[in-house]
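Observations on chain architecture
Each chain is listed here by its residues.
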Amino acid sequence: MTLPAREDLELRVGGRRIAAARWRGRDDAPSIVLLHEGLGAITLWRDFPPALAAATGCTVLAYDRFGYGRSDPAPLPWPVHYMHDEALGVLPRLLDAVGISRAITLGHSDGASIALIHAGGMQDGRLCGTILIAPHLFVEDIAIARIEAARGSYETTDLRDRLARHHRDPDNAFYGWNRTWLSPAFRAWRIDDHVPAIGVPVLAVQGSDDEYGTPAQLALLAANARCPVETHLIARAGHAPHLSQRDEALRLIVRFLMRIFRPER
């Protein structure tokens, strides 16, 4: 399988700079927009974006959210509604900046929650479907315990140095995410109220050994959805099944996209 080359982009949204990367597919296919996890960045998707582009024929776009990677910083502290701000404010304007007319959003962890909010919180006619990997619909104790442990690791181990390989300002990325999730106000955060308004097909996958969430997240999504929803637990996978079980994740994604676009085929 020949993998497409990476093309680096610099975008402007609201006068601020966003770093992005693109792997080109067919002109007649929709674009898949990747939304990274709470400590993620373009580089932390590893080889998943070019493999996804090659497997689907779609152009794949990844970007660093404000405060992450090589994008402009996001002043601390981040508000409890920072994912809503991204989903309903930044993401639509980013699609404008790139000129995307047909989009599939694919989010991981925080990015999956952002994709869900975008799909259910506004009627964006460019959206054809959404793929959620380990989404958070509400806050679970298992997630809080892991995020508390991450704070200890960041302050006592080489985690900060490792994140600095991917983020221009690792403190902005880490403490923006970590302090918001651990704030008392965030315990009441939940987004299942957006699910009934989603009007596009949804694929939601989670690792069977997810360290940050339980299958209750997928069950809540399926119970509240009025749109077509597929949910899958990927065996022998943790919080990032698209990395640890990449071939299985790609198989599910390709099958989902073939079902969405079957009339065009």
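Residues numbered from 1 in each chain as written. Predicted model: local features only at pLDDT ≥ 70, side-chain atom pairs only at ≥ 80, totals over all residues. Heavy atoms only, no water.

**Points about the overall build of the protein**
Note the cut-off: Under the DSSP-based scheme used, a helix requires at least four consecutive residues in state H or I and a strand at least two consecutive residues in state E, with every element numbered from the N terminus. The buried label goes to any residue with under 20% of its type's maximum accessible area, the exposed label to any with over 50%, and the partly exposed label to all in between, with areas taken from a 1.4 Å probe on protein chains only. The contact rule is simple, with two residues in contact once any of their heavy atoms fall within 4.5 Å. The Shrake-Rupley method, run with a 1.4 Å probe, gives the accessible areas here. Residue values count only the displayed protein chains as cover. His is not counted here, nor are the chain ends, while Lys and Arg score as positive and Asp and Glu score as negative. Here the site of a charge means NZ on Lys, CZ on Arg, CG on Asp, or CD on Glu.
Counting its secondary structure elements, the protein contains nine helices and eight strands. Dimensions of the protein, computed from C-alpha atoms along their principal axes, come out at roughly 55 × 40 × 35 Å. Per-residue burial for the protein yields a buried fraction of 57% across its 265 residues. For the protein, long-range pairs separated by at least 24 residues make up 78% of all intrachain contacts whose partners lie at least 6 apart in sequence. Carbon and sulfur atoms form 50% of the exposed surface of the protein, whose accessible area is close to 11,200 Å². On the protein, the mean spot of the 30 positive side-chain charges and the mean spot of the 31 negative ones are 3 Å from each other.

**Comments concerning helix α4 (residues 141–156)**
An α-helical turn contains 3.6 residues, so any two residues separated by three or four positions project in the same direction. Worth spelling out the cut-off: Here the expected length of a helix is defined as 1.5 Å per residue gap, with one fewer gap than residues.
Counted at 1.5 Å a residue, the expected span for α4 with its 16 residues is 22 Å, and the 23 Å between its end C-alpha atoms agrees. Elements that come into contact with the buried residues of α4 comprise α5 (159–164) and α6 (170–181).

**Let's talk about unusual backbone geometry**
In the segment running from L76 into P77, the intervening peptide bond is cis, with an omega of -5°. Note that P77 resides in the loop between β4 (59–63) and α2 (82–98). Residues other than glycine seldom take positive phi values, yet R46 does so here, at roughly 60°. Relative to the helices and strands, R46 resides in the loop between β3 (31–35) and α1 (48–56).

**Re the side chain of S109**
With respect to the element layout, S109 can be found in the loop between β5 (103–108) and α3 (110–121). Judged by relative accessible area, which is 5%, S109 ranks as buried. Once you skip the residues sitting within four places of it in the chain, S109 turns out to touch E37, I133, A134, P135, H136 and H239.

**Re the side chain of H136**
Among the secondary structure elements, H136 is positioned in the loop between β6 (127–133) and α4. The contact partners of H136, leaving out residues within four places of it in the chain, are S109, D110, S113, W181, W189, I191, Y212, Q217 and H239.

**Points about the pattern of salt bridges**
Counted only if it meets this: When a carboxyl oxygen of Asp or Glu is within 4 Å of a side-chain nitrogen of Lys or Arg, the pair counts as a salt bridge.
Using the criterion set out here, one finds 18 salt bridges in the structure. A salt bridge links D8 to R6; the nearest nitrogen and oxygen atoms lie 2.6 Å apart. Where D124 meets R126, a salt bridge forms, and the shortest distance between an N and an O atom there is 3.0 Å. Owing to a relative accessible area of 13%, D124 belongs among the buried residues under this scheme. Overlapping salt bridges bring together E10, R12, R17 and D72 as one network.

**Re the packing of aromatic side chains**
Which entries qualify depends on this criterion: Only the six-membered ring of Trp is used, alongside the rings of Phe and Tyr, when aromatic pairs are assigned; centres must lie within 6.5 Å, and planes under 30 degrees apart are stacked while those over 60 apart are edge-to-face, with the rest tilted.
Applying the stated criterion across every chain, the model contains 10 aromatic pairs. With a centroid separation of 5.5 Å and 65° between ring planes, the pair formed by Y68 and W78 is classed as edge-to-face. Of this pair, Y68 sits in the loop between β4 and α2 while W78 is found in the loop between β4 and α2, placing the two residues 10 residues apart along the sequence. A relative accessible area of 1% means that Y68 is categorised as buried. Geometrically, the ring pair formed by W181 and F186 is tilted, given 4.6 Å between the ring centres and 50° between the ring planes.

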